Amino acid sequence: MIFMEEKISFIKDGLRLDGRRAEELRPIKIEVGVLARADGSCYVEMGKNRVIAAVYGPREVHPRHLQEVTRAIVRYRYNMASFSVEERRRPGPDRRSHELSKVGREALEPVILTSYFPRSVIDVFVEILQADAGTRTAGINAASVALADAGIPMRSLISSCAAGKVGGEIVLDPMKEEDNFGDADMPIAMTPAGEITLLQMDGGLTIDEFHEALELARSGCRQIYEVQRRVLIEKYGQLEGERGERTEVATCD
Amino acid sequence: MDRIDRTIVVPGDILSEDEKRSGEGTYVKDGRVHSLLYGFANYRDNRINVIPLAGKYVPASGDHIIGIVKDITFSNWIVDISSPYDGLLHISEFPKRIDSEEMSLHLRIGSSLMARVKEVDCTMKVELTVNDRRLGPIKNGRLMEISHTRVPRLIGKGGSMIGMLKKELNCNIFVGQNGRIWVSGNEDDMDLAIKTILLIEKEAHTNGLTDRIVEFLRVEKGSRS
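Criteria and thresholds
- Residues numbered from 1 in each chain as written.
- Chains lettered and ligands numbered in written order.
- Predicted model: local features only at pLDDT ≥ 70, side-chain atom pairs only at ≥ 80, totals over all residues.
- Helix = DSSP H or I, 4+ residues; strand = E, 2+ residues; numbered from the N terminus.
- Rg over C-alpha atoms; globule rule 2.2 N^0.38 Å.
- Buried ≥ 20, exposed ≤ 12 C-beta atoms within 10 Å, placed from the backbone.
- Core = buried A, V, L, I, M, F, W, Y, C linked by C-beta atoms within 7 Å.
- Contact = placed C-beta atoms within 7 Å.
- Nonpolar A, V, L, I, M, F, W, Y, C, P; charged D, E, K, R; others polar.
- Pairing = 2+ DSSP bridges.
- Axes fitted to C-alpha atoms, helices over the stretch in contact; angles between N-to-C directions.
- Domains from an automatic or database assignment.
- Expected span 1.5 Å × (residues − 1).
- Parallel < 35°, antiparallel > 145°, perpendicular 65-115°, else oblique.
- Left-handed = near helix turned anticlockwise from the far one by under 90°.
- Arc of directions from axis to C-beta.

1. Remarks on the overall build of chain A
Broken down by element type, chain A carries four helices and twelve strands. The C-alpha atoms of chain A give 19 Å as radius of gyration, which agrees with the globular expectation for 253 residues (18 Å, within 12%). If one aligns the C-alpha atoms of chain A with their principal axes, the spans along those axes are about 55 × 50 × 35 Å. With 253 residues in all, chain A has 43% of them scored as buried.

2. Topic: the nonpolar core
Grouped burial of nonpolar side chains is what soluble globular proteins tend to show. Ranked by internal contacts, the top residues of the largest apolar core, which has 78 residues, are Ala53(A), Leu108(A), Ala142(A), Ala143(A), Ala146(A), Leu147(A) and Ala217(A). In this structure, Leu108(A) is in contact with Val74(A), Tyr76(A), Ile140(A), Ala143(A), Ser144(A), Leu147(A) and Ile158(A), ignoring residues within four places of it in sequence.

3. Some thoughts on the interface of chain B and chain A
Counting residues at the interface gives 25 residues for chain B and 36 residues for chain A. If you list the elements that add at least two residues to the side of chain B that touches chain A, you get β1 (6-9) and β2 (14-16) of chain B. Partitioning the side of chain B that touches chain A into residue classes produces 16 nonpolar, seven polar and two charged.

4. Digging into the sheet that holds strand β4 (residues 32-35) of chain B
All names here are of chain B. If you trace the three strands from one edge of the open sheet to the other, you get β2-β4-β3, paired in antiparallel fashion. For this open sheet the edge positions go to β2 and β3 (26-29), each flanked by a neighbour on one side alone. Neighbour-to-neighbour, the strand axes of the sheet open up by a mean angle of 45°, direction not taken into account. For β3 and β4, the ladder comprises four bridges, and the chain directions are antiparallel. When the sheet's bridge partners are listed, Val 28 is paired in β4 with Val 33.

5. Section: the domain arrangement of chain B
Here the domain parsing of chain B yields domain 1 (6-51), domain 2 (64-137) and domain 3 (142-224). Taking the mean C-alpha position of each, domain 1 of chain B and domain 2 of chain B sit 36 Å from one another.

6. Quick word on the environment of Met190(B)
Residue and element names in this part refer to chain B. The residue Met 190 is located in helix α4 (residues 187-202) in this model. When the C-alpha positions of Met 190 and Arg 142 are compared, they lie 7.8 Å apart, and in sequence the two are 48 residues distant. Setting aside residues up to four positions removed in sequence, Met 190 forms contacts with Arg 142, Cys 171, Val 183 and Gly 185.

7. Describing helix α2 (residues 135-149) of chain A
For α2(A), built from 15 residues, the straight-helix expectation of 21 Å at 1.5 Å per residue is met to within 8% by its first-to-last C-alpha distance of 21 Å. Counting buried residues in α2(A) gives 15 out of 15 residues, a clear majority hidden from the surface.

8. As for the pairing of strand β6 (residues 47-52) of chain B
Residue and element names in this part refer to chain B. The alternating pattern of β6 places Ile 48, Val 50 and Pro 52 on a buried face, while none of Arg 47, Asn 49 and Ile 51, on the opposite face, is buried. As paired strands, strand β5 (residues 39-44) and β6 are joined by six bridges and run antiparallel to one another. Across the sheet, residue Tyr 43 finds its bridge partner in β6, namely Ile 48.

9. As for the sheet that holds strand β15 (residues 180-184) of chain B
Residue and element names in this part refer to chain B. Spatial ordering of the open sheet is given by β13-β15-β14, a layout of three strands whose pairing is antiparallel. A strand with exactly one partner marks an edge of an open sheet, and here the two such strands are β13 (142-145) and β14 (172-175). Taking the axes of each pair of neighbouring strands and ignoring which way they run, one obtains an average angle of 20° across the sheet.

10. Observations concerning the packing of α2(A) against helix α4 (residues 207-237) of chain A
Residue and element names in this part refer to chain A. Where α2 contacts α4, the two axes come as close as 11 Å, and the packing angle between them is 30°. Classified by the interaxial angle, the pair formed by α2 and α4 is roughly parallel. The hand of the α2/α4 crossing is right-handed. On α4, the residues touching Asn 141, Ser 144, Val 145 and Ala 148 of α2 are Ile 224, Gln 228, Val 231 and Leu 232. Its residues placed into classes, the contact of α2 with α4 shows five nonpolar, three polar and no charged.

11. Re unusual backbone geometry
For the bond running from Gly57(A) to Pro58(A), omega is 5°, close enough to zero to count as cis. Across the junction of His62(A) and Pro63(A), the peptide omega takes the value -5°, indicating a cis bond. One can find Pro63(A) in the loop between β5 (49-60) and β6 (73-80). Although it is not a glycine, Arg119(A) sits at a positive phi angle of roughly 60°. Its place among the elements puts Arg119(A) in the loop between α1 (95-108) and β7 (120-130). Under the C-beta neighbour-count criterion, Arg119(A) is labelled buried, with 20 such atoms within 10 Å. Its identity as a non-glycine residue notwithstanding, Met124(B) has a phi of 65°, on the positive side. Residue placement: Met124(B) occurs in the loop between β10 (112-120) and β11 (126-129). On the basis of neighbour count, Met124(B) is assigned to the partly exposed category, with 17 C-beta atoms found within 10 Å.

12. Here we look at the environment of Ala72(A)
Residues and elements named next belong to chain A. Its place among the elements puts Ala 72 in the loop between β5 and β6. For the pair Ala 72 and Gly 57, spaced 15 residues apart in the sequence, the C-alpha separation amounts to 9.8 Å. Discounting residues that sit within four places of it in the chain, Ala 72 has contacts with Pro 58, Thr 114, Phe 117, Pro 118, Ser 120, Val 121 and Ile 122.

13. Some remarks on helix α3 (residues 160-169) of chain B
Residue and element names in this part refer to chain B. Turning to α3, its buried residues are Met 161, Leu 165 and Leu 169. Along α3, the residues classed as buried sweep out an arc of 40° about the axis, all on the same side. Those residues of α3 that are exposed and angled more than 90 degrees off the buried face are Ser 160 and Lys 167. Where α3 is buried, its residues touch α2 (151-155), β14, α4 and α5 (209-224). One or two residues past the end of α3 sits Asn 170, with phi positive at roughly 60°.

Next up, the structure:
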């Protein structure tokens, strides 16, 4: 891209470059159980992001010295495919993917009941097939559904979404152009009850803008949670026949 | 079988406002019962249990399982029990006295055996025993494996499903809690048994399964004779 930072107008008549409103998410698609060999798996599309997550375990820990006597350890690997971005990315781990692996693990670990499986490991692999800003959030969303699919006991699912500041306005779920030329980007992850397990920010926001962005990102997470939950239920729901009439199960808000 | 009280839930769903109803696969937070698992919520009696749709087998003492020997040490057989944890079978748990050097004559690497979980400690050291007439090395028949989460369905309420299968198929069937199943009978009967068990695994979450399996067996047997 050529330098055109100040000239480009990100919002025209209340609509963004791709026609979304400021508080609108990109279209989401989630599929569960896409891999036969993994214990749990999930494929997520958020706009032009395409992410696949696989969960293995609980299983024996290798190498042995990582093992914990009283609980399971969680390993989370975030990896971008070399073809996931416009310019070929050098394969292999780098500073950025190390960081995203760490924050991804820390976003999910608080809800996993690791004490149920001492001396074992739960492996989570997140592969970014196509990137368009917001891959860490898409990866966490996919990993959370894949963990549920693997039958791992969790306090709740985790949903993740970013908010940013573009052209002076707070917007939900920035896409690549907005992320590259915007003023701030703030990804969060949270439980449906609203407990935050990931909060990062780069760029600059005033305190008021921060609170506005946080509230917007939370509303995005709640929308994503509804999709995650629906997809899991529909995997078995369609086979049941008279589903959907029961109201005894309420989602926790 | 009454299956109306079943709903699919995901982790975190609120199942009840009454914390006393918390059963297996649930947890209590702020006086409310939440689901821990992705599975079926079962509203039975005064308890709510969540039955998982997937997951690994975690051994519990008293479980009957089928294991495969993966290593032999000085006094133990190390047994794969399709779980994150290995089982240990000590020679003293073998019905007759044997010497350390003769261990591989009775159970070699790769041999399968029926065993009972004797004890599981908090570090997940799993001790097995074969000191029972029904247990011990497997010498004939066939072995198959399904997800351990489908085992309760294969056994049925009070053993109704497995009892029916044994009678209808004219086979001896041993279902391990870890999802491994031993079938023994004549070749044609075993073929049908394996086909039927795989069908049960695939349709474990549907209603009125026992009746449909009875019908399935009637059709299959009809086409054979």
